[in-house]
Amino acid sequence: MTTQQMLNWYRTMLVMRLFEEKVERLFSDGVIRGTTHPATGQEAVAVGVCSVLKKGDYITSTHRGHGHFIARGGDPRRIMAEIFGKATGYSRGRGGSQFMADYRMGFLGGNGITGGSIPIATGAALSAKMKDTGKIAVCFFGDGASNQGTFHESLNLAGLWKLPVVYVCENNLYAMSTHVDKAIPIPYIADRAASYGFPGVVVDGNDLLAVREVMQAACIRARNGEGPTLVECKTYRHSGHSRGDQRIYRSREEEALWMTRAPIRRFRAVLIKRGALNQENDRHLRREARAIVTEAVRFAKQSPDPDPATLEEGVFA
Ligand SMILES: Cc1ncc(C[n+]2csc(CCOP(=O)(O)OP(=O)(O)O)c2C)c(N)n1
């Protein structure tokens, strides 16, 4: 782990945060339509997880996936263009916020169906095993998704067949407005892995280096043919579930408490303590991150709309 790598992770978290804040503003200003699910506050999970992956490894994402894509090395310009519905977007403007993918880089897509990407990652891991490609699959999903049947069916098969997959549960305490304690009768989602014969680990999801450490062990297991791991990352989304959510189901005190554990500020403190970050390079990295997001918006705005003549392309019936 070099200083440069750590600074790159820090900058990626800044880009994720500024990107989400920008998207929220563009929606509330009516520049882009539809809805969006920001992942502000969950940056350390995405960056920590992606920091240990190899080129070609598979990822599946969720309805809250802009940051997953950015952390995996997706081009923020094309991610923004997709949210704008433009032809230059990752899904040629047809998917929008929740449905962007790039198969060439192994990013198998976000998913508007809660838990919908869990069997996709499991299938990708099965293909990697059958073809002996050495690739692994990583699957992001929320605490709510871990109550879906598809979660249990997927984990059962992955455990049975010892598939090279890491299940990453971003436990941000809420599924829309439902607190996890009202939905799950056990304290740790990670414990669910025991039913399927593989380890489950709980980690502080707001601590980038802790996430990385746990993921490193899980990926080694997967690559060695020892099978899956379920990693439960305890985290918190700073914003509402989606645009327009007034957050009446949780207290401002709870939010303030979690702000003290905010992942970017925490990682910044680590970098300062290690002598890697000072006022000057911090300002420089922030400026760079802002420029990346500004350029993404410029690119998206100037990109063409999809050609109506291509309307039926990619439509299967
Ligand atoms: C099968 C299905 N059921 C319900 C919904 C509506 N829905 C959208 S997001 C969401 C909550 C998901 O919560 P969680 O998995 O914890 O992810 P988070 O939003 O916290 O990231 C629900 C219920 C859906 N999209 N798909």
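Our subject is the structure that appears above.
My aim in this report is to walk through the structure given alongside it, one point at a time. Please read these numbers as outputs of a predicted model, since none were measured by experiment.

Helix and strand counts for the protein chain come out as 10 helices and 7 strands. Whereas a compact globule of 317 residues would reach a radius of gyration of roughly 20 Å, the protein chain reaches 19 Å, a difference of no more than 12%. By its C-alpha atoms, the protein chain is 55 × 50 × 40 Å across when sized along the principal axes. Taking all 317 residues of the protein chain together, the buried fraction comes to 53%. For the protein chain, the proportion of contacts with a sequence separation of at least 24, taken over those separated by at least 6, is 74%.

What follows is about the packing of aromatic side chains. Under the definition given, this model contains 7 aromatic pairs. Their ring planes at 70 degrees and their centres at 6.5 Å tell us that Y174 and Y236 sit as a pair that is edge-to-face. Here Y236 lies in the loop between strand 7 (229-234) and helix 8 (252-259) and Y174 lies in strand 4 (residues 174-175), a separation of 62 residues in the sequence. For the pair formed by Y174 and Y236, the shared burial category is buried. Taken together, Y174, Y236, Y249 and W258 form an aromatic cluster joined through their ring pairs.

Empty space within the largest pocket amounts to approximately 350 Å³. Considering the residues around the largest pocket, the lining is formed by 26 residues, among which H63, R64, T114, G142 and A145 are closest to the centre. Sorting elements by how many residues they give to the lining of the largest pocket places strand 2 (residues 137-142) first, with 3 residues. When the residues that make up the lining of the largest pocket are grouped by side-chain class, the tally is 7 nonpolar, 16 polar and 3 charged. Approximately 250 Å³ is the volume found for the second largest pocket. In terms of lining residues, the second largest pocket is bounded by 14 residues, among which N8, R11, T12, I70 and A71 are the most central. Broken down by secondary-structure element, the contributors of at least two residues to the lining of the second largest pocket are helix 1 (3-28), helix 2 (43-50) and helix 3 (66-71). If one sorts the elements of the lining of the second largest pocket by residue count, helix 1 sits on top with 5 residues.

Before going further, it helps to examine the environment of H37. Mapped onto the fold, H37 is located in the loop between helix 1 and helix 2. For the pair formed by H37 and F99, sequence separation is 62 residues and the distance between their alpha carbons is 12 Å. Within polar-contact distance, the side chain of H37 engages the backbone oxygen of H63 at 3.4 Å.

This part is about the nonpolar core. Within soluble globular proteins, side chains that are nonpolar generally end up buried alongside one another. Core analysis: the biggest nonpolar cluster contains 63 residues, and M80, V138, V168, M215 and F267 have the highest contact counts within it. It is helix 1 that provides the largest number of residues to this core, a total of 12 residues. Setting aside its immediate chain neighbours within four residues, V168 contacts V45, V49, V138, C139, F140, F141, M215, V231 and C233. Core analysis: the next-biggest nonpolar cluster, separate from the first, contains 28 residues, A128, L173, L230 and Y236 among them.

Another aspect to go through is the pattern of salt bridges. Counted under the stated rule, the structure contains 15 salt bridges. When the shortest N-O distance is used, the salt bridge between R17 and E43 registers 2.6 Å. Taken together, the positions of R17 in helix 1 and E43 in helix 2 put the pair 26 residues apart, joining distant regions of the chain. A salt bridge links R252 to E255, with the nearest nitrogen and oxygen atoms 3.2 Å apart. Taken as a pair, R252 and E255 lie in helix 8 at a separation of 3 residues, close to a single helical turn.

Attention now goes to the site of the ligand. Surveying the vicinity of the ligand reveals 15 residues, the closest of which are H63, R64, G112, G144 and Y174. In the environment of the ligand, a nitrogen atom lies 2.7 Å from a nitrogen or oxygen atom belonging to the backbone of G112. A distance of 3.3 Å is found between an oxygen atom of the ligand and a backbone nitrogen or oxygen belonging to D143. Out of a free accessible area of 580 Å², the ligand has 72% covered by protein chains. The cavity that encloses the ligand is the largest pocket. Taken together, the residues of the shell around the ligand sort by class into 5 nonpolar, 8 polar and 2 charged.

A few words now on the pairing of strand 7. Across the 6 residues of strand 7, 5 count as buried, placing the element largely inside the fold. Sheet analysis places strand 3 (residues 165-171) next to strand 7, joined by 6 bridges and oriented parallel. Looking across to strand 7, one finds that E170 is bridged to C233. As paired strands, strand 6 (residues 200-204) and strand 7 are joined by 5 bridges and run parallel to one another. Paired with G200 across the bridge in strand 7 is L230. In this region the chain leaves strand 6, passes through helix 7 (residues 208-223) and returns to the parallel neighbour strand 7; the handedness of that crossover is right-handed.

Cut-offs and rules
- Residues numbered from 1 in each chain as written.
- Predicted model: local features only at pLDDT ≥ 70, side-chain atom pairs only at ≥ 80, totals over all residues.
- Heavy atoms only, no water.
- Helix = DSSP H or I, 4+ residues; strand = E, 2+ residues; numbered from the N terminus.
- Rg over C-alpha atoms; globule rule 2.2 N^0.38 Å.
- Buried < 20%, exposed > 50% of the residue type's maximum accessible area, 1.4 Å probe, protein only.
- Contact = heavy atoms within 4.5 Å.
- Phe/Tyr/Trp six-rings, centres within 6.5 Å; stacked < 30°, edge-to-face > 60°.
- 1 Å grid on protein atoms, 1.4 Å probe; cavity = no way out; pocket = protein on both sides within 12 Å on 5 of 7 lines; lining within 4 Å.
- Points joined across faces, edges and corners; volume = space filled by probe spheres on them.
- Nonpolar A, V, L, I, M, F, W, Y, C, P; charged D, E, K, R; others polar.
- Polar contact = N/O pair within 3.5 Å; in protein donor to acceptor, adjacent residues only side chain to side chain.
- Core = buried A, V, L, I, M, F, W, Y, C linked by side-chain atoms within 4.5 Å.
- Salt bridge = Lys/Arg side-chain N within 4 Å of Asp/Glu carboxyl O.
- Near = heavy atom within 4 Å.
- Areas by Shrake-Rupley, 256 points an atom, 1.4 Å probe, with all protein chains shown as cover.
- Sits in = over half its atoms within 2 Å of the grid points.
- Pairing = 2+ DSSP bridges.
- Right-handed = clockwise from strand over helix to strand, strands pointing away.

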